[in-house]
Amino acid sequence: MYKAAIFDLDGTIADTIDTICYYGNRAMRKFNLPEIERDRYKYLVGNGYENLVKGMLCEKNAYSDELFAEMKEYYHDDYETDSMYLTKIYDGMDETVDFLKKEGFKLGVLSNKPTGAVHDVIGAFFKEGTFDILCGGGDGFPLKPDPSALFDMLKKLDIAPEECIYAGDTKVDVETGKNAKIYTIGALWGFRTYDELKSAGADIIAEKPRDIISIVKNKNKIR
């Protein structure tokens, strides 16, 4: 029986692509580089902000160590000034979280996003205490798909891997869940494609957040 659910953040709980595009292109303009199309950011995100900035520079054949060092600092600090700008919660995610909470699930968020922004987003959309544990890309663990942070979260929640589900919208997320031997749900409503989630090894692919309710009901035999 499943007793816990851990979610990715960007592209899973929150639609942040317009936020990332906004701050990404502010950084590009700041350093006199051409802007990047919104949908390209869906494929540049997912591996932490440093890899995002590196990808942005490589996208325009503008990478240098010096420019990268300057731009990543600018992007991080600029984003942190208002990390909620243009960010929305996905339709049905609040209902899904409420259902899991009422069923007694322990809830967590694991993101490669900077820790401060993770707390900002969750604090904006959910009541204090809704989530039992939050972990971002500044908490001392390797970034996903390394499962170290996920294992630490499970230990703190006193949950075994086989008692947990993990949901995320990218190959990195699916690999994270599978590396931890956790039942992994591919979030098709996010930034990537069905083929990517399937080929990465998702146990099941959900088209919308509310599908997680049906999945859990089926797995836990809840009426």
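In short, a report on the structure. A quick note: this is a predicted structure, and the numbers were derived from the prediction, not measured. (Residues numbered from 1 in each chain as written. Predicted model: local features only at pLDDT ≥ 70, side-chain atom pairs only at ≥ 80, totals over all residues. Heavy atoms only, no water.)

## A closer look at the overall build of the chain
On a plain count of helices and strands, the chain comes out with 10 helices and 8 strands. The principal-axis extents of the C-alpha atoms in the chain amount to approximately 55 × 35 × 30 Å. In the chain, buried positions account for 52% of the 223 residues. Excluding contacts between residues fewer than 6 apart, the proportion of contacts in the chain whose partners are at least 24 apart in sequence is 67%. Of the roughly 10,400 Å² of accessible surface on the chain, a fraction of 46% belongs to carbon and sulfur atoms. Between the mean site of the 30 positive side-chain charges and the mean site of the 39 negative ones, the chain shows a separation of 5 Å. (Helix = DSSP H or I, 4+ residues; strand = E, 2+ residues; numbered from the N terminus. Buried < 20%, exposed > 50% of the residue type's maximum accessible area, 1.4 Å probe, protein only. Contact = heavy atoms within 4.5 Å. Areas by Shrake-Rupley, 256 points an atom, 1.4 Å probe, with all protein chains shown as cover. Lys, Arg positive; Asp, Glu negative; His and termini not counted. Charge placed at Lys NZ, Arg CZ, Asp CG, Glu CD.)

## A word on the pairing of strand β4 (residues 106-110)
On any regular strand, side chains alternate: one points to one face of the sheet, the next to the other face. Buried residues dominate β4, accounting for 4 of its 5 residues. Strand direction decides the pairing type here: strand β1 (residues 4-7) and β4, joined by 4 bridges, are parallel. Bridging across to β4, Ala-5 finds its partner in Leu-107. Summarising the sheet, β4 and strand β5 (residues 133-135) pair through 3 bridges and their orientation is parallel. Bridge pairing links Gly-108 to Ile-133 in β5. Of the crossover connections in this fold, the one passing from β4 over helix α6 (residues 115-125) to the parallel β5 is right-handed. (Pairing = 2+ DSSP bridges. Right-handed = clockwise from strand over helix to strand, strands pointing away.)

## A word on the environment of Pro-209
Along the chain, Pro-209 turns up in the loop between β8 (204-206) and α10 (211-220). Residues Pro-209 and Trp-189 lie 20 residues apart in sequence; the distance between their C-alpha atoms is 7.6 Å. With near-sequence residues (within four places) excluded, Pro-209 lies in contact with Tyr-90, Asp-91, Gly-92, Met-93, Thr-96 and Trp-189.

## Thoughts on the packing of aromatic side chains
Considering all chains together, one arrives at 8 aromatic pairs under this definition. Judged by centre distance (5.8 Å) and plane angle (40 degrees), the rings of Tyr-2 and Tyr-183 are tilted. Taken as a pair, Tyr-2 in the segment before β1 and Tyr-183 in strand β7 (residues 183-187) lie far apart in primary sequence, 181 residues in all. One aromatic cluster is present, formed by Tyr-22, Tyr-23, Tyr-75, Tyr-79 and Tyr-85 through successive ring pairs. (Phe/Tyr/Trp six-rings, centres within 6.5 Å; stacked < 30°, edge-to-face > 60°.)

## Description of the packing of helix α3 (residues 49-59) against helix α4 (residues 65-81)
Following both chains from N to C, one finds α3 and α4 inclined at 125 degrees, their axes separated by 9 Å at the closest point. By the angle between their axes, α3 is oblique relative to α4. Where α3 crosses over α4, the two elements pack in a sense that is right-handed. Two secondary-structure elements touch here, α3 through Tyr-49, Glu-50, Leu-52, Val-53, Lys-54, Met-56 and Leu-57 and α4 through Leu-67, Phe-68, Met-71, Lys-72, Tyr-75 and His-76. Its residues assigned to classes, the contact of α3 with α4 shows 9 nonpolar, 1 polar and 3 charged. (Axes fitted to C-alpha atoms, helices over the stretch in contact; angles between N-to-C directions. Parallel < 35°, antiparallel > 145°, perpendicular 65-115°, else oblique. Left-handed = near helix turned anticlockwise from the far one by under 90°. Nonpolar A, V, L, I, M, F, W, Y, C, P; charged D, E, K, R; others polar.)

## Re the nonpolar core
One finds Phe-7, Ile-13, Tyr-41, Met-56, Met-71 and Phe-131 to be the most contacted residues of the largest nonpolar core, which totals 54 residues. Considering each element in turn, this core owes the most residues, 6 residues, to helix α1 (residues 17-30). Residues in contact with Met-71, not counting those within four places in the same chain, are Ala-27, Met-28, Phe-31, Leu-33, Val-53, Met-56 and Leu-57. Core analysis: the second largest hydrophobic core is formed by 15 residues, Leu-150, Leu-154, Leu-157 and Ile-159 among them. (Core = buried A, V, L, I, M, F, W, Y, C linked by side-chain atoms within 4.5 Å.)

## Regarding the pairing of β7
In terms of burial, β7 is a largely internal element, 5 of the 5 residues being buried. Alternating residues of β7 divide into Tyr-183, Ile-185 and Ala-187 and Thr-184 and Gly-186, and every residue in both groups is buried. In the sheet, strand β6 (residues 164-168) pairs with β7 via 4 bridges, with the strands oriented parallel. Along β7, the bridge assignment pairs Tyr-166 with Thr-184. Considered for its hand, the β-α-β crossover made up of β6, helix α8 (residues 171-179) and β7 is right-handed. Note on the crossover from β7 through helix α9 (residues 194-200) to β8: the handedness is right-handed.

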